[in-house]
Amino acid sequence: MVKESNFWRDIWIGNLPLADQFPHAFEASSNKDHSIAEMYDVSNQSWSLGITRRIRDHVIDNVSGLLFVLENNNTVFTNSADTRVWMDNGIAGDFSVKKYYNWLLRRSNIDEECNHVPANKIWSKLWPPKVSFFMWLASKQKVLTQDKLIKRKWRDWVNHCYLCINDAESSTHMLLHCSYASKVWNSFIQEFNIVWIISPSIDIALHCWPHTKIKTRKALVINSIPGAIIWNLWKERNQRAFDNNSLDNNKLIERIKFTIAYWLQKQPQFKGITLHYFMLKWNMVVFEPP
């Protein structure tokens, strides 16, 4: 091997390029584009890293570590062309799709305990399927907000959030971090005395939202809040973008409560309660046991 492979940038020792394993040595080298063969002095049987200037102690330590790794790697120089080898847990072998799939699963950055959203927090009979589908899109960062459209070069425009006007629009910003959106979330957090903070991403926010299997009126409302907020923020955004109409925070909060009431009015716990009465006596209906 070694004739064509780049000494610094190709992976041939360990699981990372040497430039990443020994960054200070890489920066000090003047031979950043050399192949492995070019970095080895056959006559002296030693490695020539192309470092010709004076270096500081931390760079010396980095270079020493690199030379130790090189001397103990037992690199074999041949006249054959370079070939790629599949490495699985440090063992060379033949490539297969199955091996690659299993490797992707192991390398996945998704922490099943923290970042995975339980299905019942998205797919629920308490709200319409279209809302569940939108929540799923939002949790996967797949909503076609302006940042996505600009990347696809659909239109040349200045990215701005329709809800707050101050920042660039993304699904996370629009549905969580926007000043307009955060006021809505905080309103329900305070009303229901929920221990929850606005999270860095939508999937974590949905995962951490308190969800219970208890079928009291208050519990059903709390379970429905994230979906109602996310859905209505999206509708409000579209109304501003396409119809040039807007609601202030208080009116949107009322619309969200109406959405929740509309979704839950046919649940057994709310039997006999009309939509009008639900909204008129919100605190009595939600917080007082039937």
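Preceding this paragraph is the structure being described.
Note that the structure is a prediction, hence the values are computed from the model and not measured.

Visitor: Describe the nonpolar core, naming the residues involved and giving the relevant values.
Guide: In this structure, Phe 192, Val 221 and Leu 233 are the most contacted members of the largest nonpolar core, which totals 55 residues. Secondary structure elements with two or more residues in this core: helix H5 (129–139), helix H7 (171–177), helix H8 (179–191), helix H9 (202–208), helix H10 (217–243), helix H11 (249–264), helix H12 (275–280) and helix H13 (282–287). Each residue touching Phe 192, except ones within four places of it in the same chain, is listed here: Lys 218, Val 221, Ile 222, Ile 225, Trp 282, Val 286 and Phe 287. Of all hydrophobic cores here, the second largest spans 19 residues; its members include Phe 7, Ile 13, Val 63 and Leu 66.

Visitor: Can you explain unusual backbone geometry? Please cite residues and give values.
Guide: Located in the positive-phi region is Gln 141, a residue other than glycine, with phi close to 60 degrees. With respect to the element layout, Gln 141 can be found in the loop between H5 and helix H6 (146–151). Its identity is not glycine, yet Ile 165 carries a phi of approximately 70 degrees, on the positive side. Turning to its location among the elements, Ile 165 is positioned in the loop between H6 and H7. Its relative accessible area of 55% is what places Ile 165 among the exposed residues.

Visitor: Talk me through the side chain of Asp 147; I want residue IDs and the actual numbers.
Guide: Looking at the secondary structure, you find Asp 147 in helix H6. Among the polar contacts listed, one links the side chain of Asp 147 to the side chain of Thr 145, at a separation of 2.5 Å. Not counting the four nearest positions on each side in its chain, Asp 147 is found in contact with Asn 159, Glu 169 and Ser 170.

Visitor: Quick one: what's the story with the packing of aromatic side chains, residue by residue and with numbers?
Guide: Enumeration according to the criterion identifies 13 aromatic pairs in this entry. Residues Trp 8 and Phe 26 carry aromatic rings whose centres are separated by 5.4 Å and whose planes lie at 65 degrees to one another, so their mutual orientation is edge-to-face. Of this pair, Trp 8 sits in the segment before helix H1 (18–21) while Phe 26 sits in helix H2 (residues 23–28), and the two are 18 residues apart along the sequence. Judged by relative accessible area, Trp 8 falls into the buried class, the value being 0%. Judged by its relative accessible area of 11%, Phe 26 falls in the buried class. Feature note: the residues Phe 7, Trp 8, Phe 26 and Trp 47 constitute an aromatic cluster, connected by ring pairs. Seen from the ring of Phe 26, Lys 32 lies directly overhead, with NZ or CZ sitting 5.4 Å from the centre.

About the cut-offs
- Residues numbered from 1 in each chain as written.
- Predicted model: local features only at pLDDT ≥ 70, side-chain atom pairs only at ≥ 80, totals over all residues.
- Heavy atoms only, no water.
- Core = buried A, V, L, I, M, F, W, Y, C linked by side-chain atoms within 4.5 Å.
- Buried < 20%, exposed > 50% of the residue type's maximum accessible area, 1.4 Å probe, protein only.
- Helix = DSSP H or I, 4+ residues; strand = E, 2+ residues; numbered from the N terminus.
- Contact = heavy atoms within 4.5 Å.
- Polar contact = N/O pair within 3.5 Å; in protein donor to acceptor, adjacent residues only side chain to side chain.
- Phe/Tyr/Trp six-rings, centres within 6.5 Å; stacked < 30°, edge-to-face > 60°.
- Lys NZ or Arg CZ within 6 Å of the ring centre and 35° of its normal.

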